[in-house]
Amino acid sequence: MAEYLTDEAHRRTELGELRRIVGPFRMNEHAIGSGDRISLATMADTPNVFLDGNVYSATVNLVPSREMPYSGTRWQLRLNEDGTWSFLNQGQEEQMLAGSGTIVTLGRAPQGMDQDRFNTTRWLLYRDLAGFRLRPCMRVGGWLGVRDNQAVLSGPEDAVGRWLYWIIKPYGADE
C-alpha cells in the first residue's frame, strides 16, 4: 500500500469499499498486531503530522515529529475480544484514545455493567486503497480526522478526504 493517495484514491470512498480490520494486518513490509507500538500520522495537509497524547492534561494534539520530546506519539495497540481496537498512550490503560461527539481526548475504559454501551475508548479500524480510517464504537461521533491542525471527529455531513485518513507506522525495537 502506498503511503500517499494515488489518483484513483482521490475519488469519494463509499463505506461499502472499506474493509474492517479485526485482526493482525500488514502495513507495507511490517506485520502489525495487538501489543505493537505504533504512531498515527495524518494524511491531511498540515505542518503537524503525528497524533500525540499528553497524559498530564488528558489531551490529544498534533506534533511535527515522533522523536523526543514527543513521547505521546507512542501508542500501544490492543485488539479487544469483540474485534475492536484500543490505542493505549505510552501503553497506559488509563490514557487511551477516546472519542465522543466531535471531541478527541485521552480517557479510560468505563467500569461497570454498561461498559460496552458507553465505551468511547474502543475503535473500529477500516482500510481501503487510500489508507486507514478510525471510528469510535460509540456512534455519537464520526471518523477521526484533522481540522484546523486539531484532532477531531467528523460530522455526518462532512465529505471524505485526506483529512480522515491515517498512516500507521510501527516503532522498531530500538525506538
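The rules we used
Residues numbered from 1 in each chain as written. Predicted model: local features only at pLDDT ≥ 70, side-chain atom pairs only at ≥ 80, totals over all residues. Heavy atoms only, no water. Phe/Tyr/Trp six-rings, centres within 6.5 Å; stacked < 30°, edge-to-face > 60°. Helix = DSSP H or I, 4+ residues; strand = E, 2+ residues; numbered from the N terminus. Buried < 20%, exposed > 50% of the residue type's maximum accessible area, 1.4 Å probe, protein only. Lys NZ or Arg CZ within 6 Å of the ring centre and 35° of its normal. Pairing = 2+ DSSP bridges. Lys, Arg positive; Asp, Glu negative; His and termini not counted. Salt bridge = Lys/Arg side-chain N within 4 Å of Asp/Glu carboxyl O. Core = buried A, V, L, I, M, F, W, Y, C linked by side-chain atoms within 4.5 Å. Contact = heavy atoms within 4.5 Å.

Asks: Explain the packing of aromatic side chains to me, and be specific about the residues and the numbers.
Replies: Note on aromatic pairs: each is described by the distance of the centres and the angle between the planes. Applying the stated criterion to the full structure yields 3 aromatic pairs. Where Phe25 meets Trp85, the ring centres are 5.9 Å apart and the plane angle is 85 degrees; that geometry is what we call edge-to-face. One end of the pair, Phe25, is in strand β2 (residues 25–27); the other, Trp85, is in strand β8 (residues 85–89), with 60 residues separating them in the sequence. Neither residue differs from the other here; Phe25 and Trp85 are each classed as buried. Plain terms: the ring middles of Phe25 and Phe132 are 5.4 Å apart, the flat faces sit at 55 degrees to each other, and that makes the pair tilted. Taken together, the residues Phe25 in strand β2 and Phe132 in strand β12 (residues 131–136) connect sequence positions 107 residues apart. Members of the aromatic cluster, connected to one another through ring pairs, are Phe25, Trp85 and Phe132. Looking at Arg133, its charged tip hangs above the ring of Trp143, at a distance of 4.0 Å from the centre.

Asks: Describe the pairing of β8, listing the residues and the values that go with them.
Replies: With 5 of its 5 residues buried, β8 lies for the most part within the structure. Of the two faces of β8, both are covered, the one formed by Trp85, Phe87 and Asn89 as well as the one formed by Ser86 and Leu88. Across 5 bridges, the pairing between strand β7 (residues 75–79) and β8 is antiparallel. Bridging across to β8, Gln76 finds its partner in Leu88.

Asks: Outline the side chain of Arg127, supporting the account with residue identities and numerical values.
Replies: The residue Arg127 is located in strand β11 (residues 123–128) in this model. Buried charged residue Arg127 carries no salt bridge. Nearest counter-charge: Asp128, at 7.5 Å.

Asks: Give a description of the nonpolar core that names residues and reports values.
Replies: In a soluble, globular protein the nonpolar side chains are often hidden away together inside. If you look at the biggest cluster of nonpolar residues, it comprises 41 residues, and the most contacted ones within it are Phe25, Leu51, Phe87, Leu97 and Leu144. In terms of residue count, the dominant contributor to this core is β11 (4 residues). Ignoring any residue separated from it by four or fewer positions in sequence, one finds Phe87 in contact with Ile38, Leu40, Trp75, Gln76, Leu77, Gln95, Met96, Leu97, Trp123 and Leu134.

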